[in-house]
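# Chain and residue survey
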Amino acid sequence: MSFYFAQFLTGLASASSLFLVASGLSIIFGVTRVVNFAHGSFYMLGAFIAYSLVTSLPPGPFWFWGGVILAALTVGVVGVIMEILVLRRIYQAPELFQLVATFGVVLLLKDVALWTWGPEDKLGPRAPGFDGAIDIFGSRVPEYDLVVIVVGFVVLAGLWLLFSRTRWGALVRAATEDREMLGALGINQALLFTGVFFLGSVLAGLGGAMQLPRASVSHHMDLAIIATVFVVVVVGGMGSIVGAFLASVIISELNAFGILIFPQITLVLMFLVMAVVLVIRPWGILGRPEDETAGEEYEHQSLSWLPSRAARLAMAGVVGVLLLLPFVVQEFYLVLMTEVFILALFAASLHFIMGNGGMISFGHAAYFGLGAYGGATLLLYGDTPMLLAIALAPFVAALGAAVFGWFCVRLSGVYMAMLSLAFAQIVWSIVFQSSGITGGEDGLVGVWPAEWASERQVFYYLTLAVTLGGILALWRMLFSPFGYSLRAGRDSPRRVEAIGIGFRTHKWLAFVIAGTFAGLAGGLYGFAKGIVTPTTLDIPRSIDALMMVLLGGVQTLVGPLVGAFAFVVLEDRLLAFQYWRAIFGLIIIGICIAMPEGIVGSTRSFLTRRGLVSSGR
Amino acid sequence: MKSTKNRTRLFLAMAAAVAMVGLTGTAASAAEPIRIGEINSYTTLADFTQPYKKGWEMAIEEINAAGGVIGRPLEVISRDDGGKPENAVKAAEELTTKENVDLLAGTYFSHIGVAVTNYSKQRKKLFVATEPMSDDITWAQGNDYTFRLRPNTYIQSAILAEEAAKLPAKRWAIVAPNYKFGQDAVAAFKKVMKEKRPDVEFVEEQWPALFKIDPGATVQALMQAKPDGIYSALFSRDLTAFVREAELRGLLTDDLTVVGLLTGEPEYLDPMGAEAPKNWIVTGYPWYAVTEPAHKKFIADYQAKYSDTPRMGSLIGYISIYAIKAMIEKAGSVDQDKLIAAMKDLTFDSVVGPITFRGIDHQSTLGAWVGRTAVVDGKPMMVDWRYAQGAQYFPTDEEIRQMRGAK
């Protein structure tokens, strides 16, 4: 019995430290509607700064806790700087821009930390005064665990008081309810948002700093925690503090007791809980259903089928150049372009739902990965010929998209985005932890093209043909009645329902179609690399797709294709630099702020303004 | 209108930035060096790959200062894989088709090592895997074109199992990261233990996800099973967190035998400082206590050159270049087939003694240092150690043929 109580306390301590971080993200989201990817980076920064402070300040409890609090406040300031310099400029933009911009901050901070603290893990001191363990019913429980539990409850109580008993708290709650009304009543929203960002970032920094006595500080802390924190925030209900607390406890206790029974599937367990909760309560345990009209209205430009003769000619010219490329350039550039084609199809499939259905998926990599694993499994276990494997791969992805999409399309906006992320993480964790079939982290190796296509040139042409076909098929659908209804629904869901179009069914079908073509791209990708590993369906891959769409321009037809090209070339060029992530991060942030229309959109606007092309499309 | 103008300017600036990045090409060198294409996770796991890089850089300088190999200098063209196997494959493609390297080398993570191993088979390109430990690289996924220097997971686990079997502990528990490396390590340890001590039983297994250990809960679960011995394949931050909790919660009593794979490597041991676990049986690298003159010279030179202590990676990086040198000398050219023929059963003198690349599985016979951990003057160290020759711990030739055949 004592063992179970000790295990319960251990779980509670984990829950408590998780809650510190998650509550910060939840508060920020509740008010600003920003899904802040950089929250994990703040957590990491908190730990690093606390390490530097605590090891350079005099020893003793006063300076230890002083260092921890100072670290948390410093992180708060970093959060404020990010809010003022980056987010304040893009609050009005779609969620996608904020997410991608904060991901740029993740990359930037990663290199800042590397540059400041060097590559090695840092092991901080134990907490003075709490460095032993005490006997509780015969089990030894670390004193520091109890401290963490107490801090968790204190923060919970403090936040509750802040939000229910102070004027500032009331304003924050009002902002969560109706931002515009609050602004109309003369409240300085900008200041309020900055304050919320400070508070949220301080909590992340505190969470990181409190880890100091428990584990070493490393550069992997940021992405390691962010997925878990997302789960907590989504399960608890976005914006709900108590919800975040409940979810932290559920997830942590589940892990503490889960490892006794299923030590090998700890990751799957967590995401499974998330999926179950979201299916039953799509807005989380204590979340409130969003008001369907609350979503921001963006001005969507209408897409047009290859606008002018000149554009068509240009398009044909590009294809011509691509066909001749193998006769002109080094083989390596064919390898690079093969990747561009595949990612272009992947990006185009995401654009299909995003640009036209107004649906944002943060987990599109799931279908890319399902296609890749589908093709590889068929090849390796079923001896399926390459072409057949590539042809069947999309069906595996389509199956996944049909199931997950059915739940996803019931939500909208950022809730849908988070649910899609959850499903992608479920697939990822299953693939990662069922090494018997999928090879786990090693992945499936030996996924090479058939003998006849093993030459790089042949595979280049094969990929060009398949992806071109895929992209044209997607475009054709966009300008069918189906595509028009989809866009109509995006702009005005109620009117579309009123004239008898089942918008939800349309969204679901679009989701499945997008998943299918992502799967086709994934199937090709496996053969291009010879391996399929869990990185084909992890979070960064989903973000890559979002970045490609954004880089090229959400509102344009060829945007995703140009975006994929720019992405691959940039990555190839930048990897030579030691701090390439910082450069990449800055470019991403710059694009989000300075050219939200993307490369294609900005070029078009630029040319239009100069009168070089007519504004008519 | 002003904002539009600003935006235009920003747009132009961004376009210029992108274009500039695009134009920074690689300058080709005029000399005719032998080109080694090297791929590693330099930014993802800098703390382990940077000492390795220093090791190979030092070897390259030494060799070129002495006139190179077969009259030509050695040149390493190094690429960062960003921790992703797909990027490693792309880098391999680039090095092969654009940089025209004579051979590929490197990689640290097992899954990236396996990916490049598979690439070398497909593109028929010689690959000297230096750091990755996955058994598959020379066994299940082994191929004609891949050779590996570092002792694999099996060999190191077998060395530890041999030591563990000498001790009275009967009830064993396992804690290992839940991926290929951990699974291989546990399978090998169990296999050798069962052979040597049929009476041992394994009473508990904990498989935390890599770098996501919940240390308190894991330690509690292990304590609950009341084992006499624990075999740990944890490393890096998982290990540090585990050791702290284990100390606090009283798991690490004097009666408990703990065997730790890789725990004695300075990369993992040094960061723990005075808190490092004591009296664990570990594999590692006690560079501070080596006595062979050649090895001592390497350590002294390294410390003089970098003002830093050597790590396991430093030694591996250094030896791997000398292995490549010996191979090229024996082949007398950089012709692929001749290099591969030369590498089979190649024996060369390294700073740690003669090493052979076995013809049967292309695995080197480099062994491992095994000893006990201790804290001396506040610094973690390995004591009572010996160097275990790798050659004595291989599975039988029959088993290896089966593994290599079962592709």
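Residues numbered from 1 in each chain as written. Chains lettered and ligands numbered in written order. Predicted model: local features only at pLDDT ≥ 70, side-chain atom pairs only at ≥ 80, totals over all residues. Heavy atoms only, no water.

This part is about the pairing of strand S11 (residues 346-350) of chain B. Residue and element names in this part refer to chain B. The alternating pattern of S11 places Leu 346, Phe 348 and Ser 350 on a buried face and Thr 347 and Asp 349 on a face that is not buried. Direction of pairing for S11 relative to strand S12 (residues 353-357): antiparallel, over a ladder of 5 bridges. Within S12, the residue paired with Thr 347 across the bridge is Thr 356. Hairpin remark: S11 followed by S12, antiparallel, with 2 residues in the connecting loop. (Buried < 20%, exposed > 50% of the residue type's maximum accessible area, 1.4 Å probe, protein only. Helix = DSSP H or I, 4+ residues; strand = E, 2+ residues; numbered from the N terminus. Pairing = 2+ DSSP bridges.)

Further remarks concern helix H5 (residues 153-165) of chain B. Residues and elements named next belong to chain B. Along its 13 residues, H5 runs 18 Å from first to last C-alpha, staying within 8% of the 18 Å computed at 1.5 Å per residue. Counting buried positions over the 13 residues of H5 gives 12, a clear majority of the element. One side-chain oxygen at the N-terminal end of H5 lies 3.2 Å from the backbone nitrogen of Tyr 154; it belongs to Asn 152. (Expected span 1.5 Å × (residues − 1). Polar contact = N/O pair within 3.5 Å; in protein donor to acceptor, adjacent residues only side chain to side chain.)

Take the sheet that holds strand S10 (residues 281-284) of chain B next. All names here are of chain B. Strand order across the open sheet formed by 7 strands is S7-S6-S8-S9-S10-S13-S14, with mixed pairing between neighbours. Single-partner strands in this sheet number two, and they are strand S7 (201-206) and strand S14 (379-388). Ignoring strand direction, the axes of neighbouring strands in this sheet form an average angle of 25°. Bridging between strand S6 (residues 171-175) and strand S8 (residues 229-232) involves 4 bridges; their strand directions are parallel. Within S8, the position partnered with Ala 173 by the bridge is Ile 230. (Axes fitted to C-alpha atoms, helices over the stretch in contact; angles between N-to-C directions.)

Quick look at the confidence of the model for chain B now. Put simply, chain B has an average pLDDT of 90, and 92% of its residues get 70 or more. For the stretch residues 20-30 of chain B, pLDDT sits under 50, and the model shows 9 contacts to residues farther than four places along the chain or on other chains. (pLDDT = per-residue confidence, 0-100. Contact = heavy atoms within 4.5 Å.)

Here we come to the domain arrangement of chain B. Note: interface size is frequently given as the accessible area lost on complex formation between the parts. All names here are of chain B. For chain B, the assigned domains are domain 1 (34-152 + 291-367) and domain 2 (154-289 + 369-393). The distance between the C-alpha centroids of domain 1 and domain 2 comes to 28 Å. Contacts between the two partners involve 27 residues from domain 1 and, on the opposite side, 22 residues from domain 2. Between domain 1 and domain 2, a total of about 2300 Å² is buried, with carbon and sulfur atoms accounting for 60% of that surface. Looking only at domain 1, the three residues that lose the most surface to domain 2 are Phe 48, Met 312 and Gly 367, adding up to 23% of its buried area. Taken together, the connections running from domain 1 to domain 2 amount to 2 salt bridges. Summed over the shared surface of domain 1 and domain 2, the result is 14 residue pairs in polar contact (both at pLDDT 80 or more). Elements with a contribution of two residues or more to the side of domain 1 that touches domain 2: helix H2 (46-65), helix H10 (293-306) and helix H11 (312-331). Examining the composition of the side of domain 1 that touches domain 2, we find that 4 residues originate from one element, H10, more than from any other. Looking at the side of domain 1 that touches domain 2, its residues break down into 12 nonpolar, 10 polar and 5 charged. (Domains from an automatic or database assignment. Buried area = accessible area lost by both parts, 1.4 Å probe. Salt bridge = Lys/Arg side-chain N within 4 Å of Asp/Glu carboxyl O. Nonpolar A, V, L, I, M, F, W, Y, C, P; charged D, E, K, R; others polar.)

Residues and elements named next belong to chain B. Within the open sheet, the 5 strands sit side by side as S2-S1-S3-S4-S5. Their pairing is parallel. The two strands at the open ends of the sheet, each matched to only one other strand, are strand S2 (74-80) and strand S5 (146-148). Strand-to-strand twist of the sheet, defined as the mean angle between neighbouring strand axes without regard to direction, takes the value 25°. Relative to strand S3 (residues 103-106), strand S1 (residues 34-40) is paired through 4 bridges, and the arrangement is parallel. In the strand pairing of S3, Ile 39 is matched with Gly 106.

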